[in-house]
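Below are the chains, spelled out letter by letter.
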Amino acid sequence: MNPKLERPPKVTFSLTETCNLACRHCYADCKKTAKRPELSTAEWLHLIDYLAANGVIQTYIEGGEPLQRPDIFRILRRATAKMMTLLRTNGTLIDARTAHRLKASGVGHVLVDLMGARRETHDWFAGVEGSFALACTGVKHLVAAGIKTDVLTILTKRNAGEIQAILELARSLGAQRVGVLRLYPLGLAKSLWSELALSLDEQMAVIGALAPPDGLAVMQSWHPRDRNCCWQSATVNAFGDSIGCPYLREYVNHGNVRDVPLMEMWDNDPLSKTLRAGKIDTSCTRCNKNDGSEGGCRSTAYAFRGRWDAGDPFCPTLNDGVDLRVLPEWLHQENPAPANQARS
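Thresholds, definitions, all that
- Residues numbered from 1 in each chain as written.
- Predicted model: local features only at pLDDT ≥ 70, side-chain atom pairs only at ≥ 80, totals over all residues.
- Heavy atoms only, no water.
- Buried < 20%, exposed > 50% of the residue type's maximum accessible area, 1.4 Å probe, protein only.
- Helix = DSSP H or I, 4+ residues; strand = E, 2+ residues; numbered from the N terminus.
- Arc of directions from axis to C-beta.
- Polar contact = N/O pair within 3.5 Å; in protein donor to acceptor, adjacent residues only side chain to side chain.
- Salt bridge = Lys/Arg side-chain N within 4 Å of Asp/Glu carboxyl O.
- Contact = heavy atoms within 4.5 Å.
- Right-handed = clockwise from strand over helix to strand, strands pointing away.
- Pairing = 2+ DSSP bridges.
- Axes fitted to C-alpha atoms, helices over the stretch in contact; angles between N-to-C directions.
- Parallel < 35°, antiparallel > 145°, perpendicular 65-115°, else oblique.
- Nonpolar A, V, L, I, M, F, W, Y, C, P; charged D, E, K, R; others polar.
- Core = buried A, V, L, I, M, F, W, Y, C linked by side-chain atoms within 4.5 Å.
- Phe/Tyr/Trp six-rings, centres within 6.5 Å; stacked < 30°, edge-to-face > 60°.

## Here we look at helix α10 (residues 270–277)
Alright, step 1. Buried within α10 are the following residues: Leu271, Ser272, Leu275 and Arg276. Each buried residue of α10 sits inside an arc of 130° when the element is viewed along its axis, so together they form one side.
Alright, step 2. For α10, the N-terminal cap is Asp269; the gap from its side-chain oxygen to the backbone nitrogen of Leu271 is 3.1 Å.

## Quick word on the pattern of salt bridges
Alright, step 1. In total, this model carries 23 salt bridges according to the counting rule given.
Alright, step 2. Between Arg78 and Asp49 there is a salt bridge whose closest N-O contact spans 2.8 Å. Of this pair, Arg78 sits in helix α2 (residues 72–80) while Asp49 sits in helix α1 (residues 41–53), placing them 29 residues apart in sequence.
Alright, step 3. Given a relative accessible area of 28%, Arg78 falls into the partly exposed group.
Alright, step 4. A salt bridge links Glu62 to Arg249, with the nearest nitrogen and oxygen atoms 3.7 Å apart. With a gap of 187 residues between them, Glu62 in strand β2 (residues 58–62) and Arg249 in the loop between β8 (235–236) and α9 (262–268) connect regions that are remote in the sequence.
Alright, step 5. Several salt bridges share partner residues, and in doing so they unite Arg118, Arg119, Glu120 and Glu162 into one network.

## Description of the environment of Ala217
Alright, step 1. Residue placement: Ala217 occurs in strand β7 (residues 217–220).
Alright, step 2. For the pair formed by Ala217 and Thr156, sequence separation is 61 residues and the distance between their alpha carbons is 20 Å.
Alright, step 3. Each residue touching Ala217, except ones within four places of it in the same chain, is listed here: Gln176, Arg177 and Val178.

## Considerations on the pairing of strand β6 (residues 177–181)
Alright, step 1. Taken across its five residues, β6 has four buried, putting it largely inside the fold.
Alright, step 2. Since strand β5 (residues 148–154) and β6 lie parallel, the crossover through helix α6 (residues 163–173) that links them has a hand, and here it is right-handed.
Alright, step 3. Here β6 runs beside β7; their pairing, made up of four bridges, is parallel. When the sheet's bridge partners are listed, Arg177 is paired in β7 with Ala217.

## Focus on the sheet that holds β8
Alright, step 1. Taken in spatial order, the eight strands line up as β7-β6-β5-β4-β3-β2-β1-β8 in an open sheet, and their pairing is parallel. For this open sheet the edge positions go to β7 and β8, each flanked by a neighbour on one side alone.

## Details of the packing of α2 against helix α3 (residues 96–105)
Any two packed helices are characterised by the angle at which their axes cross and by the distance between the axes.
Alright, step 1. Running from amino to carboxyl end, α2 crosses α3 at an angle of 30°, the nearest separation of the two axes being 9 Å. The orientation of α2 with respect to α3, classified from their angle, is roughly parallel. Contacts between α2 and α3 involve Phe73, Leu76, Arg77 and Thr80 from the former and Thr98, Arg101, Leu102 and Ser105 from the latter.
Alright, step 2. A class-by-class count of the residues in the contact of α2 with α3 yields three nonpolar, three polar and two charged.

## Concerning the nonpolar core
Alright, step 1. Core analysis: the biggest nonpolar cluster contains 95 residues, and Phe13, Leu51, Leu102 and Tyr251 have the highest contact counts within it.
Alright, step 2. Among the elements that make up this core, the one with the highest residue count is α6 (six residues).
Alright, step 3. Setting aside anything within four residues of it in sequence, one finds Leu102 in contact with Leu67, Phe73, Leu76, Leu87, Ile94, Val107, Leu142 and Ile147.
Alright, step 4. In this structure, Cys19, Ala28, Cys30 and Ala126 belong to the second largest nonpolar core, which totals six residues.

## Comments concerning the packing of aromatic side chains
Alright, step 1. Inspection of every chain in the model, using the stated rule, returns eleven aromatic pairs.
Alright, step 2. Between Phe13 and Trp44 the ring centres are 4.9 Å apart and the planes differ by 45°, which places this aromatic pair in the tilted class. In this pair, Phe13 sits in strand β1 (residues 10–14) while Trp44 sits in helix α1, placing the two residues 31 residues apart along the sequence.
Alright, step 3. When the centroid spacing of 6.3 Å and the interplanar angle of 65° are considered together, the rings of Phe304 and Phe314 count as edge-to-face.

## Some words on the side chain of Arg276
Alright, step 1. Position of Arg276 relative to the elements: it lies in helix α10.
Alright, step 2. Side-chain polar atoms of Arg276 contact the backbone oxygen of Trp266, separated by 2.4 Å.
Alright, step 3. Looking at Arg276, its side chain comes within polar contact range of the side chain of Ser272, at 2.9 Å.
Alright, step 4. With near-sequence residues (within four places) excluded, Arg276 lies in contact with Asn2, Pro3, Cys230, Trp231 and Trp266.

Below you can see the structure in the form of C-alpha cells.
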C-alpha cells in the first residue's frame, strides 16, 4: 500500500501545449498555437492561491514550453511567493536577461531537456536546427544567474550511446544533476515507438554502465528505484483537466478545475482514490524499500498491461516477459479514451 495523504504536497502545472520546437517524440503533440482555449492568467493565479490555501507546498511547471506564455513571469511570481517552484523548459528561450528574470522571480530549480550530446542527435529530436546550441547556452545562463539547474534526457535507441556523454556535457555546462527518464508511450512517441524503444535489458545495461563525473548527481527511476508516485501527485493540464500525472495524460481525466475544485476531485474521484491507494497485485521488494511505495509507475503499468493493479514492466522483477519495444494494440488508437471513461 502507498503512503496516505489527505492533500497532495505538490502539484504539476502542464501550463501550455504550445511550443517553439517541433519534437518528433512530443508526448502532447504541441503546436505553435493552442489547439483549444488554455487556462487564462486569472485562472492560473486563482488556482495557485487555492492550492496554497489547501496546503500544497510545491509546484512543478512544464509545457509545452512554459516560457512561450506571455504571462509566465506573473504566474511564476505568484507561485514562488506561496510554494517551492520548479520549472521545466527546452532552454532555447533563455538568454542572460531571461535567466536573471527567472532568478528574480524566485524560481528554485530549472530543468532543461537535452536529447543528445551532439547537435545532430538533439536537433533531430527537437525538429529545429540550432536548438541544441541554444539549449546548452540556456543552461550556462541559468547557472551564471545562480539558479540550481538540472539536465533531463529521455533514454531511447537513438541516444543510448550518448547518455554518458550527456552526463559529461551537463557537468561542463554547470548543471548539478542529470535526470535519465524512460520513454513513455504517449503522443507522437507512439508513432516512433519501434524506432526509439529499447528492450528492458538494453535500458538496464545503459543505466548500469553510467559513471557520473565528480560533482554531478544522476536521477533515474529504473529498478531498484522504480517509483509509484501517484500517492502524492496531482496535475492540471493546460486546459484545466485534472490528470493525476503528466504521464497519465492519455489515460486519466478526473474532471476540470473550471467545474470542480481540484481537492474535491482528489477526495472523491474513484480512480483518483484507486491510484493513490496503490493496491498492486505484484511488487518489487527492492524498489519498495527505496521508494516506500509499491508496483512502480502506473502509467507504464496500465499502458502495457491494461490494469491499474499491475506491476510496472520497466522493473526487471515485474517485467515477466513484456517486450517494451512492442506497443500493445490498443495504444495505436489515435485518441484512446481515459481509463475512468472506458477501460476501468
